[in-house]
Number of protein chains: 2
Amino acid sequence: MALLVMKFGGTSVADLDKIRHAAAHIKREVDAGNSCAVVVSAMAGQTNQLIAWTREASPLHDAREYDAIVSSGELVTAGLLAIVLQSMNVPARSWQGWQIPIQTNEVHGAARIMEIPCEDLKERLGRGEVAVIAGFQGVGPDNRITTLGRGGSDTSAVAVAAAVGADRCDIYTDVDGIYTTDPRVVPAARRLDRISYEEMLEMASQGAKVLQTRSVEMAMVHRVRLQVRSSFDPPESCPSATLGSNNVPGTLVCDEEEIVEQQVVSGIAYAKDEAKVTLVKVEDKPGVAARVFGPLADANINVDMIVQNVSDDGRTTDLTFTVQDTELDRAIKVLEGIRDEIGCETINGATDIVKVSVIGIGMRSHAGVAAKMFQALAEKGINIQAISTSEIKISILIDAAYAELAIRTLHSLYGLDGA
Amino acid sequence: MALLVMKFGGTSVADLDKIRHAAAHIKREVDAGNSCAVVVSAMAGQTNQLIAWTREASPLHDAREYDAIVSSGELVTAGLLAIVLQSMNVPARSWQGWQIPIQTNEVHGAARIMEIPCEDLKERLGRGEVAVIAGFQGVGPDNRITTLGRGGSDTSAVAVAAAVGADRCDIYTDVDGIYTTDPRVVPAARRLDRISYEEMLEMASQGAKVLQTRSVEMAMVHRVRLQVRSSFDPPESCPSATLGSNNVPGTLVCDEEEIVEQQVVSGIAYAKDEAKVTLVKVEDKPGVAARVFGPLADANINVDMIVQNVSDDGRTTDLTFTVQDTELDRAIKVLEGIRDEIGCETINGATDIVKVSVIGIGMRSHAGVAAKMFQALAEKGINIQAISTSEIKISILIDAAYAELAIRTLHSLYGLDGA
């Protein structure tokens, strides 16, 4: 008998039929004797409607009021799912963020969960009541509603799982697991049975959109085992969550020790929403990087990859970096404002680029992964504009036109293509 | 400088344009130096959508979950109105029912407000912050959301006005005040400048739909002066709420001492949503009424007017009473089940009736009001099927076909027609 947290995203609770389908998944686990805390998102589309109203009310809206408004969608789904469960004779009760309470810090719109005092919740779970918890939200130190940022329900689920000491946290979503890469780009992509926290974190932050990056971080810190699975599977035919069972559908995100056969490369992620900025002929002298990136940080613009070449003439150099494509115009405006200080010739922005990342904890013990990559791409005539690496990841920036070709080439190169 | 509570119903906050219009009314009062607590309903249509989902989830839904779901609409309007006020440089903050808290009893779906500890609220009002409060909702003793029943935002507004000691409670709605009768039926109907609590209570409970009955009761008990006024008036041209001012548009519901020139009859209400039940040839012996009305009360069916005639033969009698038309089928089913016990010949139900009520505190000191009424109706050939009276009200039951004729006749009879 396990203690499970089950999370259903917006597309999995988009209407009453889908909510009933989710309830059938929950009933299966309850019937198997498991205790279940369920975290739900708002019905697909509801949050966007609420955000649209908020923007219509005032483009410069108060973050506190934004949170109070936008968090209401989850209350509706939590109540509806509780009612549906009750109608199936499954004891259930909905919980709003403040009722548990899910205590967060005061950063409205992107709050962090600080603590979840859950004695009451655990006691009710213990006597077989399903707790249906409104995701994405909490309550700040001043007793005002906070929200956790887009996709925050994943984080809610992981935080609840950590707080109640769940045996596993099942993320029910509209895909059936984590793939070696996007199957729309590479039809030969395979679903992974298991992936380590570290790899999943890189996959999520390098562009894979299945899980919110912060939820993976939190799962890694608290060692919460995450199962990513499809909410559209027929609920009856899924085996219930026997612990350690290998036949639960989907992908288990877990400690690398739980993964017996490590691959060198586990997956390939890509992000098309980056933009490249190049400062041509920047003065090559100490402090120039600080003068460029300080003002960008002050303007709250996140800089991702940075490349600086050795200068040809010893006096000037080209500096290239990437930002979110939605931030490009703001970034260029900031740089134009400090152009004289940094003394560069031209400032170029481009959005026709893609970042491709090769990820695998096997890289730690295998040399030559990057060299193999660069050679394979060179053979296809793909020019690499920037490179950035971590212990378990190599990211490159290339012309967007070559995205699919590069991803397919690498997927095949590292033996990820399915049978 | 006054302390005002302002309430805006669903049609007055139906979209962002209407919310901006409501905000302009609030800004006018703030600019005049008044402190304002605002109570809002959900955007028109939202609550119905939420109720529909709840019913779709399960016809026999849990009242606790119903409340959690249905109360979410008000959170959205409260937040949006706060944002709009802020954008107009009016300091504002939204309040959910549990945040104040509006403490209620545990009767979900029809909770009663027990207490509103509002030191924090008063302190913020005192320093010029507009409090935008989600109406219709509170929090029960077990920390679960409760709702106050349909139209409950009126009650929220009056309760907040009583708690903060407001000088007046302005109910902004889609009509511009209380009329002598429904202007759609009698074009000569006049808007009343003032009406006493007692009269308003009878008007509301006898069919006038402008104010929720319970809100009038509460206003009477706590002596909260209520101004019923139109939210569609141009906000700029309305005089701000100078106390005691006679030029505030709408109708003031107040203590009868505040009404200088009392009319014998102040208004005529009607209700078309009643149904008549007649038990033909019931045994005429002690205890029969208890045997009829006991089971109806147990089934939670509200009985309004009751008429029992003297029996012709000394052994049987006809018993007539009214219920809500939506309850007619249930009432007849209950009665069929006890038919043998009460020993009646036939049970007839009819919905083609209307209840017309003549209301006025002047009746207390004027004789012959009823006699005049009966004669005028007899002259028009209108048959009275049942009569019920209180100190300040005479209600009659007539054939629905004669409703308009009866109302116009009485309106003219008591000198209510406008110039």
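These numbers come from a predicted model, not from an experiment.

**Describing the overall build of chain A**
A tally of helices and strands in chain A yields 13 helices and 20 strands. Its C-alpha radius of gyration of 23 Å places chain A within 12% of the 22 Å reference for a compact globule of 419 residues. Counting over 419 residues, chain A shows a buried share of 49%. Considering only intrachain contacts with a sequence separation of at least 6, the fraction spanning at least 24 residues in chain A is 76%.

**Considering the environment of G140(A)**
All names here are of chain A. Mapped onto the elements of the fold, G140 is located in the loop between β7 (137-139) and β8 (145-147). C-beta crowding within 10 Å serves as the criterion here: with 19 such atoms nearby, G140 is assigned to the partly exposed category. In the structure, G140 is positioned 49 residues away from P91 in sequence and 30 Å away in space, judged by C-alpha atoms. With near-sequence residues (within four places) excluded, G140 lies in contact with T104, N105, E106, A111 and T146.

**Points about the interface of chain B and chain A**
Contacts between the two partners involve 26 residues from chain B, matched on the other side by 26 residues from chain A. For the side of chain B that touches chain A, the secondary structure elements donating two or more residues are α2 (46-57), α3 (63-70) and α4 (72-87) of chain B. Top contributing element to the side of chain B that touches chain A by residue count: α4(B), with ten residues. Here the residues of the side of chain B that touches chain A sort into 13 nonpolar, ten polar and three charged.

**Here we look at unusual backbone geometry**
P101(A) follows I100(A) through a cis peptide bond whose omega is -10°. Relative to the assigned elements, P101(A) resides in the loop between β3 (92-95) and β4 (103-104). For N143(A), which is not glycine, the phi dihedral falls at a positive 70°. Locating N143(A) in the fold gives a position in the loop between β7 and β8. Of note in this structure, N300(B) is not a glycine but carries a positive phi near 65°. Locating N300(B) in the fold gives a position in the loop between α9 (288-298) and β15 (303-308).

**Thoughts on helix α8 (residues 213-222) of chain B**
All names here are of chain B. For α8, the complete set of buried residues consists of R214, S215, V216, M218 and A219. Considering only its buried residues, α8 is in contact with α6 (152-164), α7 (197-205), β11 (226-230) and β12 (251-254). The first or second residue beyond α8 is R223, which carries a positive phi of 50°.

**Things to note about the sheet that holds strand β13 (residues 267-271) of chain A**
Two strands in a sheet stick together by hydrogen bonds in their backbones, pointing the same way (parallel) or opposite ways (antiparallel). All names here are of chain A. What the four strands build is an open sheet, ordered β13-β18-β20-β19; its pairing is antiparallel. Both outer strands of the open sheet, β13 and β19 (384-390), are each paired with one neighbouring strand and no more. Geometrically, the sheet is characterised by an average inter-axis angle of 20° between neighbouring strands, direction not taken into account. Sheet analysis places β19 next to strand β20 (residues 393-399), joined by six bridges and oriented antiparallel.

**Notes on the nonpolar core**
Side chains of nonpolar character tend, in soluble globular proteins, to be buried together. One finds V38(A), L81(A), V38(B) and L81(B) to be the most contacted residues of the largest nonpolar core, which totals 218 residues. Once you skip the residues sitting within four places of it in the chain, V38(B) turns out to touch M6(B), F8(B), I26(B), L81(B), V130(B), A131(B), V132(B) and I133(B). Judged by nonpolar contacts, the second largest core, of 13 residues, contains L279(A), V288(A), L319(A) and V323(A).

**Regarding the relation of the copies chain B and chain A**
Relating the two copies of this chain is a rotation about some axis coupled with a shift parallel to it. Note on the identical chains: chain B maps onto chain A by a rotation of 180° and an axial translation of 0.0 Å, with an RMSD of 0.1 Å. Taken together, the rotation angle and the small translation identify this as a two-fold axis. Among all residues of chain B, the one whose C-alpha sits closest to the rotation axis is S72(B), at a distance of 2.9 Å. Interface overlap between copies: 100% of the residues of chain B at the interface are likewise at the interface in chain A, consistent with a symmetric, same-surface contact.

**What to know about α4(B)**
For α4(B), which comprises 16 residues, the first-to-last C-alpha distance of 23 Å matches the rise-based estimate of 22 Å (1.5 Å per residue) to within 8%. Counting buried positions along α4(B) yields 15 of 16 residues, so the element is predominantly enclosed.

**Let's talk about the domain arrangement of chain A**
Interfaces are frequently sized by the accessible area removed from exposure as the parts join. Annotation of chain A at the domain level lists domain 1 (3-175 + 210-257) and domain 2 (262-419). With centres defined by C-alpha atoms, the gap from domain 1 of chain A to domain 2 of chain A works out at 35 Å.

**Quick notes on the pairing of β20(A)**
Residue and element names in this part refer to chain A. For β20, the buried fraction is high: six of the seven residues fall into the buried class. Pairing analysis gives seven bridges linking strand β18 (residues 353-359) to β20, with the strands arranged antiparallel. Note on β20: the bridge partner recorded for S357 is S395. As consecutive antiparallel partners, β19 and β20 are separated by two residues.

**Looking at the sheet that holds β12(B)**
Residues and elements named next belong to chain B. Read from one edge to the other, the open sheet built from eight strands follows the order β3-β6-β2-β1-β9-β11-β12-β10, with strand pairing classed as mixed. Two strands in the sheet have a free side with no partner beyond their single neighbour: β3 (92-95) and β10 (194-196). Taking the axes of each pair of neighbouring strands and ignoring which way they run, one obtains an average angle of 20° across the sheet. Pairing geometry for strand β1 (residues 3-8) and strand β9 (residues 168-173), over five bridges, is parallel.

**Quick notes on the environment of G337(B)**
Residue and element names in this part refer to chain B. Position of G337 relative to the elements: it lies in helix α10 (residues 328-337). Looking at G337, the number of C-beta atoms within 10 Å reads 11, which means it is exposed. Residues G337 and P295, 42 residues apart in the sequence, show an inter-C-alpha distance of 9.6 Å.

**Topic: the packing of α7(B) against α8(B)**
All names here are of chain B. Viewed as axis vectors pointing N to C, α7 and α8 meet at an angle of 165°, and their least axial separation amounts to 9 Å. The angle between α7 and α8 falls in the class roughly antiparallel. In this structure, the crossing between α7 and α8 has a hand that is left-handed. Residues Y197, M200, L201, A204 and S205 of α7 form the contact with α8, whose own contacting residues are T213, V216, E217, A219 and M220.

**Digging into the pairing of β1(B)**
All names here are of chain B. Among the six residues in β1, five count as buried, and that is most of the element. Where β1 meets strand β2 (residues 35-40), six bridges bridge the pair, whose relative direction is parallel. Note on β2: the bridge partner recorded for K7 is V39. For the crossover that starts at β1, traverses helix α1 (residues 16-31) and ends in the parallel β2, the hand is right-handed.

**Topic: the environment of L319(A)**
Residues and elements named next belong to chain A. Turning to its location among the elements, L319 is positioned in strand β16 (residues 316-324). Accessibility expressed as a C-beta count within 10 Å gives 22 for L319, which makes it buried. In this structure the C-alpha to C-alpha distance between L319 and A22, which are 297 residues apart in sequence, comes to 50 Å. Discounting residues that sit within four places of it in the chain, L319 has contacts with L279, V282, V292 and Q308.

**A closer look at the confidence of the model for chain A**
Taken as a whole, chain A shows an average pLDDT of 92; of its residues, 98% reach a score of 70 or greater. This complex was scored by the predictor with a pTM of 0.86 and an ipTM of 0.83.

**Side note on the packing of helix α4 (residues 72-87) of chain A against α2(B)**
Taken N-terminus to C-terminus, the directions of α4(A) and α2(B) make an angle of 25°; their axes are 9 Å apart at the nearest point. Judged on the interaxial angle alone, α2(B) and α4(A) are roughly parallel. Taken as a pair, α4(A) and α2(B) cross one another with a handedness that is right-handed. Here V76(A), L80(A), I83(A) and V84(A) of α4(A) come into contact with α2(B), specifically with L50(B), W53(B), T54(B) and A57(B). Taken together, the residues of the contact of α4(A) with α2(B) break down into seven nonpolar, one polar and no charged.

Parameters and conventions
Position labels on residues start from 1 in each chain and follow its written sequence. Each chain is given a letter, starting from A, and each ligand a number, starting from 1, according to the order in which they appear as written. Under the rules for a predicted model, residues below a pLDDT of 70 receive no local features and side-chain atom pairs below 80 are neither given nor counted, while totals for whole chains, interfaces and linings still include all residues. Think of it this way: any DSSP run of H or I at least four residues long counts as a helix, any run of E at least two long counts as a strand, and we number them from the N terminus. When we talk radius of gyration, it's over C-alpha atoms, and the globule rule is simply 2.2 Å times the number of residues to the 0.38. Exposure classes come from backbone-placed C-beta atoms, where a residue is buried if 20 or more other C-beta atoms lie within 10 Å of its own, exposed if 12 or fewer do, and partly exposed in between. We call two residues in contact if the C-beta atoms placed from their backbones are at most 7 Å apart. Note on residue classes: Ala, Val, Leu, Ile, Met, Phe, Trp, Tyr, Cys and Pro are nonpolar, Asp, Glu, Lys and Arg are charged, and everything else, Gly too, is polar. For two strands to be treated as a pair, DSSP must find at least two bridges joining them. Axis lines are fitted to C-alpha atoms, over the contacting stretch for helices. Their N-to-C directions set the angle, which ranges from 0 to 180 degrees. Joined through C-beta atoms within 7 Å, a set of buried Ala, Val, Leu, Ile, Met, Phe, Trp, Tyr and Cys residues constitutes a nonpolar core. Alignment of copies: least-squares fit on C-alpha atoms of residues with pLDDT of at least 70 in both copies. In this scheme, a helix's expected span is set at 1.5 Å multiplied by one less than its residue total. Residue ranges assigned to each domain were obtained from an automatic or database domain assignment. By the definition adopted for this analysis, an angle is roughly parallel if under 35 degrees, roughly antiparallel if over 145, roughly perpendicular if from 65 to 115, and oblique otherwise. In this scheme the handedness of a crossing depends on how the near helix is turned from the far one: anticlockwise by less than a right angle means left-handed, clockwise means right-handed. Look down the strands so they point away from you; if the path from the first strand over the helix to the second goes clockwise, the crossover is right-handed. You can read pLDDT as the predictor saying how much it trusts each residue, on a scale of 0 to 100.

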